Amino acid sequence: MKIGIDAGGTLIKIAIEEDGQLTFKKQPSAEIEEVAAWLTTLPEARVALTGGKATFLQSLIPHDAFQSIEFDATFRGIQSFLEQLNISLDHYVFANVGTGTSIHFADGDNQLRAGGTGAGGGMIQGLSYLLTELTDFNEVTERALSGDRDKIDLKVKHIYKGDKTPIPGDLTAANFGNVLHNMHDMTFTADDKLAAVMGIVGETVTTISIHAAREFKTEHVVYIGSSFLNNALLREVVMDYTVLRGFKPYFIENGEYSGAVGTMRLMDES
Ligand SMILES: Nc1ncnc2c1ncn2[C@@H]1O[C@H](COP(=O)(O)OP(=O)(O)OP(=O)(O)O)[C@@H](O)[C@H]1O
Ligand SMILES: [Mg+2]
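Residues numbered from 1 in each chain as written. Chains lettered and ligands numbered in written order. Predicted model: local features only at pLDDT ≥ 70, side-chain atom pairs only at ≥ 80, totals over all residues. Heavy atoms only, no water.

The name an unreviewed UniProt entry gives the protein chain is Type II pantothenate kinase, with Macrococcus lamae as the organism.

Regarding the sheet that holds strand 12 (residues 248-251)
Here is the rule: Strands qualify as paired when DSSP identifies two bridges or more between them. To qualify as a helix, a DSSP run of H or I must reach at least 4 residues; to qualify as a strand, a run of E must reach at least 2; elements of each kind are numbered from the N terminus. Orientation is described by axes fitted as lines to C-alpha atoms, over the contacting stretch for helices, and by angles from 0 to 180 degrees between their N-to-C directions. Every residue pair with non-hydrogen atoms within 4.5 Å of one another is taken to be in contact.
Pairing is mixed in the open sheet, where 5 strands are placed in the order 8-7-6-11-12. Each edge of the sheet is formed by a strand with only one pairing partner; in this case those strands are strand 8 (111-117) and strand 12. Taken pair by pair, the neighbouring strands of this sheet meet at an average axis angle of 25°, ignoring direction. One ladder, built from 4 bridges, connects strand 6 (residues 92-97) with strand 11 (residues 220-224); its direction is parallel. Following the sheet pairing, F94 is matched in strand 11 by V222. Together, strand 6, strand 7 (101-106), strand 8 and strand 11 form the strand contacts of helix 8 (residues 190-215), whose direction differs from that of strand 7 by roughly 20°.

Quick look at the site of ligand 1
Defined as follows: Proximity is defined per residue: if any heavy atom of the residue lies within 4 Å of a molecule or strand, that residue is considered near it. Two N or O atoms form a polar contact when they lie within 3.5 Å of each other; inside protein one atom must be a possible hydrogen donor and the other a possible acceptor, and for residues adjacent in sequence the pair counts only when both atoms belong to side chains. Surface exposure here means Shrake-Rupley accessible area, sampled with a 1.4 Å probe, where a residue is shielded only by the protein chains that are shown. As a working rule, the residues Ala, Val, Leu, Ile, Met, Phe, Trp, Tyr, Cys and Pro are called nonpolar, Asp, Glu, Lys and Arg charged, and the rest polar, with Gly in that last group. Domain delimitation follows an automatic or database domain assignment.
Neighbouring ligand 1 are 17 residues; G9, T10, K13, T99 and S226 lie closest to it. In this structure, L11 approaches ligand 1 through a main-chain N or O atom, which is 2.9 Å from an oxygen atom. At 3.4 Å from an oxygen atom of ligand 1 is found a main-chain nitrogen or oxygen belonging to S227. Considering ligand 1 on its own, with 660 Å² of exposed area, one finds that the protein chains cover 84% of that surface. Counting only elements with at least two residues in the shell around ligand 1, the list comes to strand 2 (11-18) and helix 4 (121-132). Residues of the shell around ligand 1, tallied by class, amount to 3 nonpolar, 12 polar and 2 charged. Formed jointly, the shell around ligand 1 draws a minimum of three residues from each of two domains, domain 1 (2-70 + 256-269) and domain 2 (116-252).

Spelled out as structure tokens, the structure:
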């Protein structure tokens, strides 16, 4: 049995390979001791680690685990998922929207970090709590779907007021920029605020990703990370905005396990 683990800032992603079959599970990073206790019951397993909490997890388990650099593991895992999906891309940019967001250039052989942003899954959780006091991720994502961003976000066409706009009028001019205009005759529900949170995170991640893609002269942008899980609105914002700007977005099923799968593959190849 082989186990690949990406122990991140928020979630521990686990890929298990047994008899050629891959299965996945995840657990909050706050429960890392439980993951260590589970691994301790599997002394024969070959374990590969990655992620910011890999070294800490190694200190809790009896295995002499393989360890790889998170960015390389993630890239290796994405390559493996793309291969399975029969998607062949020579060049692409990938954005890992985890607790934070990390953006990378990828070619057939290597990844190179292109940058990042603090807008990501951690911002979704923290800002959502500050605005609505909700802490359950799935409740946040589901309620965001019924919210109305238009009351909160200022669009280009709002500024130009019917005049001809130099860029598409439906683009966001200022996230949260419509609030003071509407404060006297509208109420902002928790759902509206959550929708606006997905808007600012999705648009920030997309803007930075497509700038990286343009610099790298590719049109392909692969988005992964647990922030997209059960989060149809974030996906929609990122997908639509990427397409609007003339780039091609890809979302990979189980893509949040790229680091876990990748570190296992790198162990195989070492
Ligand atoms: N069940 C869940 N519990 C908590 N957060 C969740 C859950 N499902 C999805 N998320 C979202 O996923 C984000 C974490 O994504 P991911 O697992 O890719 O990051 P990470 O690897 O832990 O962090 P990093 O790579 O930045 O160290 C959270 O910030 C949250 O927005
Ligand atoms: Mg991560």
